[in-house]
Amino acid sequence: MFRTALRNVLAHKARLLMTVLAVMLGVAFVSGTLVFTDTFGNAYKNKSAKSFDHVSVAVLSGGSGEEEKKEKPQLTDSLLKKVGELPGAESALGSVSGFTALADKDGKLVGGEWGTTGANYYPGKDGKDPRYDFTGGAAPKSAGELALDSRTADRTGYKVGDTVRYSTDGPVRTAKVSGIFDTDEGSVVAGGSLVVFDNRTAFKELNKTQYDEIDVKAAAGTSESALEGAIEKVAPKDSSTTTGGELKSQQDDMIEEQTSSMSQVLLIFAGIALFVGIFIIANTFTMLVAQRTKELALMRAVGASRRQVTRSVLIEAFLVGVIAAVTGFALGIGVAVGLESLMNSAGASLPSGPLVIAPTTILVALLIGVVVTMLAAWLPGRRAARIPPVAAMNSVHATPTTRGLVVRNTIGSVIVALGALMLFMDDNYVKSGGAGVMLVGVIVLTPLLSRPFIAAAAPLLKPFGVTGKLSRLNSVRNPRRTASTASALMIGLTLITAMTVVATSMSTAINKMAAGSMKADYSVSMANFQPLTPEVREKLDKIPDVEATSPLRQAYGEADGGFTTISGVDPKTFGSLVGMDFTGGSAEGLKAGDVLVDDKLAKDQGLKAGDTFPLKFDDDSKTVKVRVSGVYEGNEMLSGVFAPTSVVDKHLTKVVDKQVLVKMKGGASDKAEDAIVKALGENPAITVQDKDAISNAVAGAINMMLNMLYGLLAMAVLIAVLGVINTLAMSVFERKHEIGMLRAIGLDRAKVKQMVRLEAVIISLFGAVLGIGLGLFMGWVAGGTISNSVSTYSMEVPLGRIVVFLGIAALVGVLAAMWPARSAAKLNPLMAIKSE
């Protein structure tokens, strides 16, 4: 049977080509993902590990953030000196870091909202800081000087001696570039920017009262554990210590987690591509079995058992799977290299390192290729074994029995009903499972759905005359084959449509929310959403065209026993800067002792306008009694308790603003925005946004994610295209005799090509209509869940994109038919008539 299977693979290699390509692309996606993430993770680990070369033991503060500022500093210069003089300690350095916005030569923020960091230069006994290797200039020595990492210098074009603009907490400052350095610091390796100040300036600029961390390097012959034990004896009680080895391990675990998450996302889409490929494999082997019915019958007649017939088909699938897996793995390595180059060209700055091809990656690629192919071929193999020898001898092409289709339709209906039921459950995981179940159900039902769809398309085919009629009849000749081919395209379009509906609806919801919640013309905030100094509002109030401003200062606490955010606002102007829908009371007349609460908090605590309730801030101060001035409908932009700044300021460690709302006399305009930007010194750390900019920032993130998903699903669509080509090519081969007869009675080559093309377009549009319809339904169900948390959400049907999807589907059909149509037109009529 093995020799028979090998002979059949070699005899039908052209017909198996598309199957090999489908499996190969799926395997390439999987192996490329694994090789890329392994290579990236290994390079990142190796690069980051170098940043711990000077760390044998790290001393960390017991508090964090505001807690550290309230308590007595622990990691001081005296502690640094003490641990550095311990026996077994070679050197010690203290480090601080924080957000530092650097402007490029055009005044734009370098490194993005979160990617630009400021740190200190702490010279050791030799005058050098082991974290930084200077390639030009020298380390900063005083205020007015700073150093840049080499990648940032290359991106911005800054050189030693240039004057740069930066900001850490609001005001813009200038400094000269004293030097350029290389570093293995993690944020820089990941593509961020690093600005280094001298130690004294760093403390002042980054608002530090103590070191974030003290790193001690062990002397030769001293172990990390021995040094840690000595440090613990002199370190403050609330501080903690950890060894350099533990820090490396933690870093490796974090990198492993990040690359694992990336790998999981990519593998999900690779799985979708392989799932689509199953339909092509099953279709191919079903058609091959049908075309070899007489051959299989003869094998049964000369003594082959059913198991042997099934085994011969599975051996063919095994050989095809091995070929596809090996070529797919080789292609996957190329995909990994190409993906790294693509991301670097896009500015990702991935760390370089050797290509990592793990043994498990090779094993997974081979297993996936072979197992997927054999599973998909198992059912066609069983069908081949069940055909009685005599019946097979009398029929070249066995057609599906009516009983088989009835059973299939019944099972499909039950699965669809179960999936629909799950979609309306409250649990989101059950809903996700229901979407998958329903998709499987529709796939099972596609043979049933194919006939009415193709019948409905008959009027559109009339202008094409006889070729239109022939293409329609050919499409419904074998419903299972048509359904299987269309299903491959349907899966990708279902996911694409559902995600497009949700993304479009979400963008609209954000626009509505921004328009309804914000009467102010601009929102001014730090680029990384850190606090602003009150000095920013003072500068804004001095602009002649500014009509009103209000800060938003954030605190936390308990309102009548329930946790809530407490925002401090200017009671005189706040009501004119936000659009609140009040269910009781109003923002007018808001004064000390009055607050505004959202409807959720009011409902939970049983509050209404005019009521008083205890409000406790999280600074452990006494509870204060406040009066509800108004109850408003909360949303994602406005929620919690709003109180006058005179109430909130008393409970803040440092008075800072989360953002400042600004209303201009003439409304939002380019001139008004320019006036704000100039008044704030063209500060790279500060973002000035109007309503459209706020909406566009969210919409931009949604569209970027959507485009990434389109790209990831493109592989599944490409495999579906191969399925259409495969089905048509094998169908042409199967209908050689019929096409020869048509040519003999006068159908010219152009008409034959048109017939095949129309058949391809019908199948593609059938899959597209099913996919879009199912995607719209799933988008509607997902929207019901989202609307529970986003009040302005309502389903929007992106008609423009749907028309584009249908157009692409039709184009896919035309392109997929090129080779099969050409093959059909080239058939010699006499030779075709003679064929069986």
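The model shown is predicted, which means the values in this text are computed figures rather than measured ones.

Cut-off values and rules
- Residues numbered from 1 in each chain as written.
- Predicted model: local features only at pLDDT ≥ 70, side-chain atom pairs only at ≥ 80, totals over all residues.
- Heavy atoms only, no water.
- Helix = DSSP H or I, 4+ residues; strand = E, 2+ residues; numbered from the N terminus.
- Buried < 20%, exposed > 50% of the residue type's maximum accessible area, 1.4 Å probe, protein only.
- Contact = heavy atoms within 4.5 Å.
- Lys, Arg positive; Asp, Glu negative; His and termini not counted.
- Charge placed at Lys NZ, Arg CZ, Asp CG, Glu CD.
- Salt bridge = Lys/Arg side-chain N within 4 Å of Asp/Glu carboxyl O.
- Pairing = 2+ DSSP bridges.
- Axes fitted to C-alpha atoms, helices over the stretch in contact; angles between N-to-C directions.
- Left-handed = near helix turned anticlockwise from the far one by under 90°.
- Nonpolar A, V, L, I, M, F, W, Y, C, P; charged D, E, K, R; others polar.
- Phe/Tyr/Trp six-rings, centres within 6.5 Å; stacked < 30°, edge-to-face > 60°.
- Parallel < 35°, antiparallel > 145°, perpendicular 65-115°, else oblique.
- Patch = residues over 30% accessible without salt bridge, like charges linked within 9 Å, V, L, I, M, F, W, Y side chains within 5 Å.
- Areas by Shrake-Rupley, 256 points an atom, 1.4 Å probe, with all protein chains shown as cover.
- Arc of directions from axis to C-beta.
- pLDDT = per-residue confidence, 0-100.
- Expected span 1.5 Å × (residues − 1).

(A) Up close: the overall build of the protein. On a plain count of helices and strands, the protein comes out with 29 helices and 22 strands. C-alpha atoms of the protein, sized along the principal axes, occupy 95 × 75 × 50 Å. Expressed as a percentage of its 836 residues, the buried residues of the protein come to 49%. A fraction of 82% describes how many contacts in the protein between residues 6 or more apart in sequence connect residues 24 or more apart. When the 84 positive and 77 negative side-chain charges of the protein are each reduced to one mean point, those points stand 16 Å apart.

(B) Molecular detail of the pattern of salt bridges. A complete count under the given rule lists 14 salt bridges for this structure. In this structure, the salt-bridge partner of Lys600 is Asp604, at a minimum N-O distance of 3.3 Å. Of this pair, Lys600 and Asp604 both sit in helix α21 (residues 599-605), four residues apart, which is roughly one turn of that helix. Salt bridges sharing common partners tie together Arg537, Asp541 and Asp570.

(C) Representation of unusual backbone geometry within the structure. Positioned with a positive phi, Asn207 is a non-glycine residue whose angle comes to about 55 degrees. Residue position: Asn207 is located in the loop between α7 (199-205) and β11 (213-218). Of note in this structure, Glu682 is not a glycine but carries a positive phi near 50 degrees. Along the polypeptide, Glu682 turns up in the loop between α23 (670-679) and β22 (686-689). You can call Glu682 partly exposed: its relative accessible area is 44%.

(D) Summary view of the sheet that holds strand β12 (residues 240-243). Strand order in this open sheet of four strands is β2-β11-β1-β12, and the pairing throughout is antiparallel. Lying at the two open borders of the sheet, with one neighbouring strand each, are β2 (89-95) and β12. Within the sheet, the average angular offset between the axes of one strand and its neighbour, ignoring direction, is 20 degrees. Each of β2 and β11 touches helix α4 (residues 77-84); the most contacted strand, β2, lies at about 160 degrees to it. The sheet contacts of helix α8 (residues 224-234) involve β1 (57-60), β2, β11 and β12, and relative to β12 the element is tilted by about 170 degrees.

(E) A look at the pairing of strand β7 (residues 145-149). Counting buried residues along β7, four of its five residues qualify, which places the element largely inside the surrounding structure. Of the pairings in the sheet, the one linking β7 to strand β10 (residues 193-198) comprises two bridges and is antiparallel in character. From the neighbouring strand, Ala147 faces β10, where its bridge partner is Val196.

(F) Local environment of the side chain of Ser31. Topologically, Ser31 is positioned in helix α2 (residues 17-49). A residue is classified by how much of its surface remains accessible, and Ser31, at 1% relative accessible area, is buried.

(G) How the structure looks around the environment of Ser341. Its place among the elements puts Ser341 in helix α11 (residues 306-345). Exposure remark for Ser341: the relative accessible area of 43% places this residue in the partly exposed category. In this structure the C-alpha to C-alpha distance between Ser341 and Leu75, which are 266 residues apart in sequence, comes to 43 Å.

(H) Inspection of the packing of helix α26 (residues 749-786) against helix α28 (residues 818-825) at higher detail. Following both chains from N to C, one finds α26 and α28 inclined at 145 degrees, their axes separated by 8 Å at the closest point. In the packing of α26 onto α28, the handedness of the crossing is right-handed. Taking contact as the criterion, the partners of Arg749, Val752, Lys753 and Val756 in α26 are, on α28, Pro820, Ala821, Arg822, Ala824 and Ala825. Residues of the contact of α26 with α28, tallied by class, amount to six nonpolar, no polar and three charged.

(I) Examining the packing of aromatic side chains more closely. Counted under the stated rule, the structure contains 15 aromatic pairs. Plain terms: the ring middles of Phe424 and Trp780 are 5.9 Å apart, the flat faces sit at 65 degrees to each other, and that makes the pair edge-to-face. With Phe424 in the loop between α14 (402-423) and α15 (428-456) and Trp780 in helix α26, the pair connects residues that are 356 residues apart, well separated along the chain. By relative accessible area, which is 44% here, Trp780 ends up partly exposed. Put simply, the rings of Tyr121, Tyr132, Phe134 and Phe181 touch in pairs and so form one group of aromatic residues.

(J) Expanded view of the packing of α2 against helix α24 (residues 691-734). The geometry of α2 relative to α24 is characterised by a closest axis approach of 9 Å and an angle of 170 degrees between their N-to-C directions. Regarding the angle of α2 to α24, the classification is roughly antiparallel. Counted together, Met18, Thr19, Leu21, Ala22, Leu25, Gly26 and Phe29 of α2 and Leu712, Met715, Leu718, Ile719, Leu722, Ile725 and Asn726 of α24 form the full contact between these two elements. Across the contact of α2 with α24, the residue classes tally to 11 nonpolar, three polar and no charged.

(K) Structural detail: a nonpolar patch on the surface. A contiguous nonpolar surface patch, about 440 Å² in accessible area, is contributed by Val326, Val337, Leu355, Ile357, Ile362 and Leu366. At the level of elements, α11 and α12 (359-386) are the ones that each hand at least two residues to the nonpolar patch. Take Leu355: it is sitting in the loop between α11 and α12.

(L) Spatial organisation of the environment of Ala514. For Ala514, the location among the structural elements is in helix α18 (residues 479-517). Apart from residues lying up to four places away in sequence, Ala514 is in contact with Met637, Lys691 and Ser695.

(M) Up close: a positive patch on the surface. Together, Arg749, Lys753, Arg757, Arg822 and Lys826 make up a positively charged patch on the protein surface. Among the structural elements, Arg757 can be located in helix α26.

(N) Main features of the side chain of Ser150. Mapped onto the elements of the fold, Ser150 is located in helix α5 (residues 150-156). Each residue touching Ser150, except ones within four places of it in the same chain, is listed here: Ile180, Phe181 and Asp182.

(O) Main features of the pairing of strand β5 (residues 116-121). For β5, the tally of buried residues reaches six of six residues, placing the bulk of the element in the interior. Pairing of strand β3 (residues 97-99) with β5 involves three bridges; the strand directions are antiparallel. Each residue of the ladder has a partner; that of Phe99, found in β5, is Thr117. Where β5 meets β10, six bridges bridge the pair, whose relative direction is parallel. Residue Ala119 lies in a different strand from β10, and its bridge partner there is Val196.

(P) Highlighting helix α25 (residues 736-744). Among the residues of α25, those classed as buried are Ile739, Gly740, Leu742 and Arg743. Seen from one end, α25 has its buried residues packed into an arc of 160 degrees, which puts them on one side. One or two residues past the end of α25 sits Gly746, with phi positive at roughly 120 degrees.

(Q) Spatial organisation of the confidence of the model for the protein. For the protein, per-residue confidence averages 84 on the pLDDT scale, and residues scoring 70 or more make up 91% of the total. When mean pLDDT is compared element by element in the protein, β7 scores highest at 95, while helix α3 (residues 66-70) scores lowest at 47. In this model, residues 64-69 is a region of pLDDT below 50 whose contacts with residues beyond four sequence positions or in other chains number six contacts.

(R) Quick look at helix α17 (residues 466-477). With 12 residues, α17 should cover 16 Å at 1.5 Å per step; its first-to-last C-alpha distance of 16 Å lies within 8% of that length. Close packing links the buried residues of α17 with α15, α16 (458-461), α18, α25 and α26.

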